[in-house]
Amino acid sequence: MASCTFSPIIIFLLLSPSLSLSAPTMSSGFLSTLHSTINHIQQVSSIVSTFAGTFDGDLRLSSAISDCLDLLDFSSDELSWSLSSVGAATTASVMSGTGDRHADLRSWLSAALGNQDTCKESLSSTGSLLASLASDGLDTITSLLSQGIRQLPAGGFGGRRLRRLVGGFPRWVTVAHRRLLQAAVAAVDLTVAKDGSGNYTTVAVSAAGEAAPAESGRRFVIYVKRGVYVENVEIKKKKWNLMLVGDGMNETIISGSRNFVDGWTTFRSATFAVAGKGFIARDITFENTAGASKHQAVALRSDSDLSVFYRCGILGYQDTLYAHSLRQFYRECRISGTVDFIFGNAAAVLQNCQILSRLPLPDQKNTITAQGRKDPDQNTGFVLQFCNITADVDLSNAKNSFTQTYLGRPWKEYSQTAILQSYIDGSIRPEGWLPWNGDFALSTLNYAEYMNFGPGSGVGGRVKWPGYHVINSSVQAANFTVSQFIEGNLWLPSTGVKYTAGLEV
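Notes on the structure follow. Everything quoted here is computed from the prediction, not taken from an experiment.

Moving on: the overall build of the protein chain. When helices and strands are tallied, the protein chain shows 11 helices and 28 strands. Relative to its 505 residues, the protein chain shows a buried fraction of 58%. Contacts in the protein chain between residues far apart in sequence, at least 24 positions, make up 71% of those at least 6 positions apart. Taken as a whole, the protein chain presents about 19,400 Å² of accessible surface, with 52% of it coming from carbon and sulfur.

A few words on the sheet that holds strand β12 (residues 300–302). Note on sheets: strands pair through backbone hydrogen bonds, and any given pair is parallel or antiparallel. Pairing in this open sheet of seven strands is parallel, and the strands run β6-β9-β12-β15-β18-β21-β24 from one edge to the other. Whereas interior strands pair on both sides, the edge strands pair on one side only; in this sheet they are β6 (233–235) and β24 (405–408). Taken over all neighbouring pairs, the strand axes of this sheet differ in orientation by 10° on average, direction set aside. One ladder, built from three bridges, connects β6 with strand β9 (residues 272–274); its direction is parallel.

What follows covers the environment of S302. Here S302 lies in strand β12. Overall, the relative accessible area of 0% leaves S302 in the buried class. The sequence separation of S302 and G344 amounts to 42 residues, and the corresponding C-alpha distance is 9.3 Å. Setting aside residues up to four positions removed in sequence, S302 forms contacts with V274, S307, F309, Y322, A323, H324, S325, Q328 and Y330.

In this section: the state of the cysteines. Any covalent bond linking the sulfur atoms of two cysteines counts as a disulfide. Taken as a whole and assessed by the stated rule, the structure comprises one disulfide. Across the disulfide from C68 sits C119; the S-S distance is 2.0 Å. Between C68 and C119, the disulfide has an S-S torsion of 100° and is therefore right-handed. Of this pair, C68 sits in helix α3 (residues 59–86) while C119 sits in helix α5 (residues 101–124), and the two are 51 residues apart along the sequence. Of all cysteine sulfurs in the structure, the one in C353 sits closest to C333, which takes part in no disulfide; the separation is 4.6 Å.

Grouped together as the largest cluster of nonpolar side chains are 53 residues, with contacts concentrated most on F272, F286, F309, Y330, L350, I355 and I389. For this core, the element with the most residues is strand β4 (residues 220–224), which contributes three residues. Look past the residues within four positions of F272 in its chain and what remains in contact with it is V233, I235, L244, I254, F279, F286, A299, L300 and R301.

The subject of this paragraph is α5. In a regular helix each residue adds 1.5 Å, so 24 residues correspond to 34 Å; α5 covers 35 Å between its end C-alpha atoms and thus fits that length. In terms of burial, α5 is largely enclosed, as 20 of its 24 residues are buried. The N-capping residue of α5, defined by a side-chain oxygen 3.3 Å from the backbone nitrogen of H102, is D100.

Let us now look at the pattern of salt bridges. Pairing between side chains of opposite charge can happen when the charged atoms of each approach one another. Counted according to the given criterion, the structure contains 26 salt bridges. Linking D77 and K237 is a salt bridge whose minimum nitrogen-to-oxygen distance equals 2.8 Å. Linking D77 in helix α3 with K237 in the loop between β6 and β7 (242–245), this pair joins segments that are 160 residues apart in sequence. Through salt bridges with shared partners, one network takes in D67, D70, E234, K236 and R268.

With that settled, consider the packing of aromatic side chains. Under the definition given, this model contains 16 aromatic pairs. Taking 4.6 Å as the distance between ring centres and 45° as the angle between the ring planes, the aromatic pair formed by F272 and F286 counts as tilted. Separated by 14 residues along the polypeptide, F272 in strand β9 and F286 in strand β11 (residues 285–288) bring together distant segments of the chain. Each member of the pair, F272 as well as F286, carries the same accessibility label: buried. Ring centres of Y447 and W465 lie 6.5 Å apart, and the angle between their planes is 45°; on these two criteria the pair is classed as tilted. Of this pair, Y447 sits in strand β27 (residues 446–450) while W465 is found in the loop between β27 and β28 (468–470), placing the two residues 18 residues apart along the sequence.

Reading guide: rules and limits
- Residues numbered from 1 in each chain as written.
- Predicted model: local features only at pLDDT ≥ 70, side-chain atom pairs only at ≥ 80, totals over all residues.
- Heavy atoms only, no water.
- Helix = DSSP H or I, 4+ residues; strand = E, 2+ residues; numbered from the N terminus.
- Buried < 20%, exposed > 50% of the residue type's maximum accessible area, 1.4 Å probe, protein only.
- Contact = heavy atoms within 4.5 Å.
- Areas by Shrake-Rupley, 256 points an atom, 1.4 Å probe, with all protein chains shown as cover.
- Pairing = 2+ DSSP bridges.
- Axes fitted to C-alpha atoms, helices over the stretch in contact; angles between N-to-C directions.
- Disulfide = S-S within 2.5 Å.
- Core = buried A, V, L, I, M, F, W, Y, C linked by side-chain atoms within 4.5 Å.
- Expected span 1.5 Å × (residues − 1).
- Polar contact = N/O pair within 3.5 Å; in protein donor to acceptor, adjacent residues only side chain to side chain.
- Salt bridge = Lys/Arg side-chain N within 4 Å of Asp/Glu carboxyl O.
- Phe/Tyr/Trp six-rings, centres within 6.5 Å; stacked < 30°, edge-to-face > 60°.

Below, the structure is given as structure tokens:
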């Protein structure tokens, strides 16, 4: 039976009739930049699409072409949301974001800026002439988007930002409505079960196929019964507000083994990939079983704005969690891997998570994060707060292991990562952080630690890079909290997931 619960955006519209939705004043130059960027995206998409289907015998090249077409499509959507937001307000434009237009615009443009880089990486890995053919066009798009972000007003648009909450909800939500929302439990829309006792036997058909509605304005809940589902699942960008609920992290498992060595691009190797905004996963595990010898092998990739992963397992080796773009929140998750196993260019906060380093190949060093911010004006970065950062069982039990484990390394020039109020065990090297290549990004990155504890948390032996610093001020540390870094107070209350807005435990 279909659920009759309302999405947070519909509630926003119904309960705030007096809220001003007048468009912010934007320069004609900014609007011109967005329109010009969309035109260039269409041109590059047209070039790449002419090669679609012509290299089906070359897995990596055909995957790279698919990657680029998807990524350019993501950018086009994010620019469309941006134009809608700065134009006359409509239901569609409000449904695209949080209601804080400046934060939304910066998030969408940041995501769009990074997409082209991923396209270039996929194409470059193929050795094809298509990489050079598309390069100039992709660089032009990236340059225009960097210009667009710089044209945003530094102080935002002013007006009502809906930050002040009462009992976890915006102040304009009445007491009666708060009680209604707190009591509401979303009904299950359909069930997936391997034994045939549900509506479907595979997750891909139920979530990615026609069973789930497109552009849904309400939460659509899919219950996945216990079992190991060996399949690759891709939730497309038009599948909004999906919720995947399992029977527990150790009970419901989606498992795959795609990897770079076998011919997949890193982007396309994901066991589970989601692009539709407003996605929630709870009590489920996503794993990639390819193993360390297969190198890049993603378990979970997310391009879902305002997405939540609660009590989820995300298990693999190299490149386990690809937090690729937009705003993401992880709570009480178990994430394991070896090289760069939390990577991407999202604005992501991981709270109360277990971060477990596994035993890598003999010649590898473990790096927990590899954040990919490439422009200083992007809002992206990784925050690990209240986490437990330790060695997994295989690494702890390995005899004569000389594995070196680090908190992270700078994948891109403006890589940004903060570790706050977390336990760090003795497996982490005293220097804490690893260079990517020579002195690349060491003066432009932003790596920070604040009030961590445990045998590996000492900062006396940490790297002396210009971009690394120990935070001593709670005011400065607050910039990396859920409420400020991902505007969590504007959208997390309606998900029903626990979170800590600030620095308090």
